[in-house]
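Structural features, examined
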Amino acid sequence: MLVEKELPLQRKLEILSDAAKYDAACTSSGVDRQGAAHALGSAAACGICHSFAADGRCISLLKILMTNECVYDCRYCINRRSNDVERASFAPEEICTLTMEFYRRNYIEGLFLSSGVAVSPDATMERIYEALSLLRRKYGFRGYIHVKGIPGASPELIERVGYLADRMSVNLELPTAQGLKSLAPHKSRRSILMPMRQIQRGICEERLLLTDGRASGRIPGRIEDGRPGEHWNSPALTGGFGGGLRDSGQKGGFGETAFQLPSVSSLPPLEAGPGLRRDLAKGERPRFVPAGQSTQMIIGATPETDYQILSVAEALYQKFDLKRVFYSAYVGLNDDSLLPAVGTRPPLLREHRLYQADWLLRFYGFEAGELLDENRPNFNVLLDPKCDWAVRHLECFPVEVNRADYGTLLRVPGIGVKSARRIIRARRSACLDFPDLKKMGVVLKRAHYFITCAGKMYRPVRLEESFIAGCLADQNRKKNWRVEHGGEDYRQLSLFDDMHLDMVPTVEDCRSSLTGQL
Amino acid sequence: MNENLHGGPDTVLTFTCGPEPEDIFSAVYEACLFSMSGEGAALEIEGENFQPSLFARYLHVDRDEKKARQMLEMVRRRISEEACLGAYRASLSFAQDRADAVYRFVLRGFRVGRGVTDRLQDTAVCRVFELARKAANESHLFLGFTRFAAWDNGVLFARIAPKCHVLPVIAPHFAGRMPGENWLIYDENRRKAAVHPAGGPWYMMDTVESGWEEMIRGRETKEEWDALWRTFVQHIAIEPRTNPKLQRGLLPLWYRKNMTEFLR
Ligand code: SF4
């Protein structure tokens, strides 16, 4: 352990934001919270983006590590014990002042606090708790807080932190247990999945409390509520890829009853500070991780296929109720025989395809097994996953715009959530033709191969896989090149171009944007 | 309404008005009243791009907040909440034809009823929603892109230069978020400010009178938080992923004019 010399705040911020930047999560969404007199802050469910960094990623939260000291040695990580990098730590008060002053100036939507493992997981989690507790209670901060759950920390600490945070995330990092074992020897599938399961249970119990036990956690319906279908026996969980989400190193796997976690309500009540006391006064009570949990997988550090990665993501959505899975193209930082060489280009197109497919799982009613399978385990470089699926399923097309249901319209390449909704509304009063679609803002460039208006095609085309695939690939070629090499068309999370999901980049899971507005 | 306003078949009566929602809905009110006679009318916003035509007759409508409010209320009751919101938002956009678009939409709505908002293939409808979306999107962006700086007296000051009239949308957001702070947001394009005294409600202020700009300029100073924020923004980017084109697509240069992290 290094002796800590007092660094100036400026230098600490440099080191600890540098060390935090490889986490892909940047969103501030998922919870609505009104402001309160004499307190600072509120939260907007659809998320607000405050700036964009030079790499084009959204800046919404003050994303920092508490400390970049770490007793672990994950091979892919810049902060690993064996690296000779300058170390620094924030004092809890420093984190609070930075957050408050940045927030007052509207630089940020809140705080994203993560940390290296200093001394032990419990000691680290305890220190995170201290900082958050100070921020919420003494400073009365009501803005957004995203916090990392440290694998290996005690359930009791995770629970206490969960009542102060809006979102928690425990990073899966590598899609398979083997990958994890070879690259992160101090972590195990179990130590990652355990807090994840605990957080899920906490959220679920809370939901039951809020609804007087009437509703079960999940809302059925696969498209309207932006969730994939109810397929509980996904291979990724029950075996599949060398254990899938099961830790092959542990006995008993990870069944529903594998762990008995303390109940969320069995812990001592919180002493309320200005921010929380006001909640209680209004009949609100502190809520447990109200914006849900997310995770991240590193892409390209280990040899897993896209199919493996996507199946794991699907299982996480279904089995762990995750709000988001983030994908982070591996950036070669460490010289290590088990990793791609330093300076290897981060696989951006691959990351992009995974985000596209992830969107299809969450908002378009697709399943991982429809997009990829063991014989075609990787995404098509030339076509986005939806186009790729469509040209392989020409028997489903063309689709009649004036009759097709919402789910069917969503499967048409080029028609996104908004376009599909507009079509459904507009056809109530008229029979739609192609000029009408254009007027409504539906882009026909790709869609026209797959739809008819009152039985007519836009122009005669051969419904042949190779012909259409060729046409679509030509449209995509330039853009794909730009994604891989950095260019204007590539938008990390928004997918405006590919799916006409014209949502603000941070609007994830924002029900109102999908249902309420036009 | 004066009878001699009704002219021959080749001249259209054009009502002209100021640029803000209050002006626009006052004029929509008059135009709707006029068109009850069965004749068409048009609306135009007075200002730099206003080009009078030889074949139109013009009638200026003064702002009348009571009429404007009545008009909106009528849209809400006789058409729908959604139509009311759409029309209001469209009036916040910066399109030269926004007053006319709102007028046409309202007329169509009165004829069709609440189903009008489903008719997205109808030009009178889709134009209003297009403008409404523009205004809503820009307002949403300014929730994030607005930057405050603290004056010596503790007042938080922000300067913005939006294309749409975003103040009426973003001020309530900040009032809810920072109820205990004295803050003001100054729209330098429209010379208007939203002012919020700590603990009180916010209000809109005209700042056209002289002295305002000088007063602000005299107070603008550099703070240590500026520098810390710039440090953060710089260090949070991943170098091997540097992509200025992407950054420009998501945060076009004109937004950056008043954003702390892009000021030198
Ligand atoms: S635990 Fe692993 S990933 Fe986390 S900071 Fe330490 S070395 Fe890095």
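Not measured: the values here are computed from a predicted model.

Attention shifts here to the overall build of chain A. Secondary structure assignment for chain A yields 19 helices and 10 strands. Pairs at least 24 residues apart make up 70% of the contacts formed inside chain A by residues separated by at least 6 positions. Here chain A has roughly 19,000 Å² of accessible surface; of this, 53% comes from carbon and sulfur atoms.

Let us now look at the sheet that holds strand S1 (residues 12–17) of chain B. Residue and element names in this part refer to chain B. Taken in spatial order, the three strands line up as S2-S1-S3 in an open sheet, and their pairing is parallel. Single-partner strands in this sheet number two, and they are strand S2 (41–45) and strand S3 (56–60). Between one strand axis and the next, the sheet turns by 30° as a mean value, whatever way the strands run. Pairing between S1 and S3: five bridges, direction parallel. Pairing of Thr14 across the sheet is with Tyr58, part of S3. Its contacts with the sheet place helix H1 (residues 21–35) against S1 and S2, and it is angled at close to 155° to S1. Lying over the sheet, helix H4 (residues 98–112) contacts S1 and S2, oriented at roughly 145° with respect to S2.

Applying the stated criterion to the full structure yields 25 aromatic pairs over all chains. Between A:Trp359 and A:Phe363, the ring centres sit 6.0 Å apart and the planes meet at 50°, which makes this aromatic pair tilted. Of this pair, A:Trp359 and A:Phe363 both sit in helix H10 (residues 348–363), four residues apart, which is roughly one turn of the helix. Measuring from centroid to centroid gives 5.0 Å for A:Phe397 and A:Phe450, while their planes differ by 65°, and the two rings are edge-to-face. Pair noted here: A:Phe397 is in the loop between helix H12 (385–391) and strand S9 (399–400) and A:Phe450 is in the loop between helix H16 (444–447) and strand S10 (451–452), with a separation of 53 residues, a long-range link. One aromatic cluster is present, built from ring pairs that chain together A:Phe102, A:Tyr107, B:Trp225, B:Trp229 and B:Phe232. One cation-aromatic arrangement involves A:Arg197 over A:Phe320; the distance from NZ or CZ to the ring centre is 4.2 Å. A cation over an aromatic ring shows up here: A:Arg411 above the ring of A:Trp389, its NZ or CZ 4.9 Å from the ring centre.

Once that is clear, we can look at the sheet that holds strand S6 (residues 183–187) of chain B. Residue and element names in this part refer to chain B. The five strands lie next to each other as S4-S5-S6-S7-S8, forming an open sheet whose pairing is mixed. For this open sheet the edge positions go to strand S4 (148–150) and strand S8 (203–206), each flanked by a neighbour on one side alone. This sheet shows a mean twist of 25° between the axes of neighbouring strands, independent of strand direction. Both strand S5 (residues 156–160) and S6 contribute to a ladder of five bridges, which runs parallel. Bridge assignment links Phe157 to a residue of S6, and that residue is Leu184.

Moving on to helix H2 (residues 65–78) of chain B. Residue and element names in this part refer to chain B. With 14 residues, H2 ought to run about 20 Å at 1.5 Å a step, and its terminal C-alpha atoms sit 20 Å apart, in line with that. Buried residues of H2: Ala68, Met71, Leu72 and Val75, and no others. Around the axis of H2, the buried residues are gathered within 90° of arc, so they sit on the same side. Set apart from the buried face of H2 by more than 90 degrees, the exposed residues are Lys66, Arg69 and Arg77. Where the residues of H2 are buried, they touch H1, helix H3 (81–91) and H4. Between the side-chain oxygen of the N-cap and the backbone nitrogen of Lys66 there are 3.0 Å, and the N-cap of H2 in question is Asp64.

Time to look at the domain arrangement of chain B. Residue and element names in this part refer to chain B. Here the domain parsing of chain B yields domain 1 (2–139), domain 2 (150–220) and domain 3 (222–264). Put simply, the middle of domain 1 and the middle of domain 2, counted by C-alpha atoms, are 29 Å apart. Each partner contributes to the interface: domain 1 provides 10 residues, whereas domain 2 provides nine residues. Taken together, the two surfaces of domain 1 and domain 2 that pack against each other cover about 800 Å², and 67% of this comes from carbon and sulfur. Three residues, Leu92, Glu138 and Ser139, lead the burial of domain 1 against domain 2; their summed loss comes to 59% of the area buried on that side. Taken together, domain 1 and domain 2 are joined by one salt bridge. At the junction of domain 1 and domain 2, the tally comes to three residue pairs in polar contact (both at pLDDT 80 or more). No other element matches the four residues that helix H5 (residues 123–145) contributes to the side of domain 1 that touches domain 2.

So, about the nonpolar core. Counting residues in hydrophobic clusters, the biggest one holds 211 residues, and the most contacted among them are A:Phe102, A:Leu113, A:Tyr327, A:Leu437, A:Phe450 and B:Trp183. Those residues in contact with A:Leu437 that lie beyond four places of it in its chain are A:Val401, A:Ile423, A:Leu432, A:Val442, A:Leu444, A:Ile451 and A:Cys453. If you look at the next biggest cluster of nonpolar residues, it comprises nine residues, including B:Val155, B:Leu184, B:Tyr186 and B:Ile216.

This next bit is on the confidence of the model for chain A. Should the pLDDT be low somewhere, the predicted coordinates at that spot are not to be read in detail. Residues and elements named next belong to chain A. Residues of chain A with pLDDT of at least 70 account for 77%, and the chain-wide mean is 80. With pLDDT under 50 throughout, residues 213–281 is counted as low confidence; its partners more than four residues away or in other chains account for 148 contacts. Confidence over residues 487–518 falls short of pLDDT 50; this stretch has 110 contacts with residues more than four positions distant or in other chains.

Turning our eyes to something else, we now look at the interface of chain A and chain B. Across the boundary between the two partners, chain A contributes 67 residues, which contact 56 residues of chain B. Summing the contributions of chain A and of chain B, the shared interface buries around 5,600 Å²; its carbon and sulfur component is 59%. In this structure, the connection of chain A to chain B is made through eight salt bridges. Measuring nitrogen to oxygen at the nearest pair gives 2.5 Å for the salt bridge that ties B:Arg177 to A:Glu109. Inspection of the chain A/chain B interface yields 31 residue pairs in polar contact (both at pLDDT 80 or more). Elements with a minimum of two residues in the side of chain A that touches chain B: helix H1 (9–18), strand S1 (51–52), strand S3 (61–65), helix H2 (92–104), H10, helix H14 (417–426) and helix H15 (434–439) of chain A. For the side of chain A that touches chain B, the class distribution of residues is 35 nonpolar, 14 polar and 18 charged.

Let's shift gears to the environment of B:Pro179. Structurally, B:Pro179 is set in the loop between helix H6 (167–177) and S6. On the accessibility criterion, B:Pro179 (15% relative accessible area) is buried. Between the C-alpha atoms of B:Pro179 and B:Phe105, which are 74 residues apart in sequence, the distance is 37 Å. Not counting residues up to four positions away in its chain, the partners in contact with B:Pro179 are A:Ala36, A:Ala37, A:Ala39, B:His196, B:Ala198 and B:Gly199.

Let us now look at the pattern of salt bridges. A complete count under the given rule lists 53 salt bridges over all chains for this structure. A salt bridge links A:Arg11 to A:Glu86; the nearest nitrogen and oxygen atoms lie 2.6 Å apart. Remark: A:Glu86 occurs in the loop between S3 and H2 and A:Arg11 occurs in helix H1; sequence separation between them is 75 residues. For A:Arg11, a relative accessible area of 30% translates into the label partly exposed. Connected via shared salt-bridge partners are B:Glu20, B:Asp23, B:Arg63, B:Glu65, B:Lys192 and B:Asp206.

Taken as a whole, this structure holds one disulfide over all chains when the rule is applied. Two residues, A:Cys49 and A:Cys58, share a disulfide whose sulfurs are 2.3 Å apart. In this structure A:Cys49 comes out as buried when scored by relative accessible area, which is 6%. Cysteine B:Cys84 is unpaired, with the sulfur of B:Cys32 as its nearest cysteine sulfur at 13 Å. A relative accessible area of 6% places B:Cys84 in the buried class. No disulfide involves B:Cys164; its nearest neighbouring cysteine sulfur is the one of B:Cys17, lying 16 Å away. What makes B:Cys164 buried here is its relative accessible area of 1%.

The rules we used
Residues numbered from 1 in each chain as written. Chains lettered and ligands numbered in written order. Predicted model: local features only at pLDDT ≥ 70, side-chain atom pairs only at ≥ 80, totals over all residues. Heavy atoms only, no water. Helix = DSSP H or I, 4+ residues; strand = E, 2+ residues; numbered from the N terminus. Contact = heavy atoms within 4.5 Å. Areas by Shrake-Rupley, 256 points an atom, 1.4 Å probe, with all protein chains shown as cover. Pairing = 2+ DSSP bridges. Axes fitted to C-alpha atoms, helices over the stretch in contact; angles between N-to-C directions. Phe/Tyr/Trp six-rings, centres within 6.5 Å; stacked < 30°, edge-to-face > 60°. Lys NZ or Arg CZ within 6 Å of the ring centre and 35° of its normal. Expected span 1.5 Å × (residues − 1). Buried < 20%, exposed > 50% of the residue type's maximum accessible area, 1.4 Å probe, protein only. Arc of directions from axis to C-beta. Polar contact = N/O pair within 3.5 Å; in protein donor to acceptor, adjacent residues only side chain to side chain. Domains from an automatic or database assignment. Buried area = accessible area lost by both parts, 1.4 Å probe. Salt bridge = Lys/Arg side-chain N within 4 Å of Asp/Glu carboxyl O. Core = buried A, V, L, I, M, F, W, Y, C linked by side-chain atoms within 4.5 Å. pLDDT = per-residue confidence, 0-100. Nonpolar A, V, L, I, M, F, W, Y, C, P; charged D, E, K, R; others polar. Disulfide = S-S within 2.5 Å.

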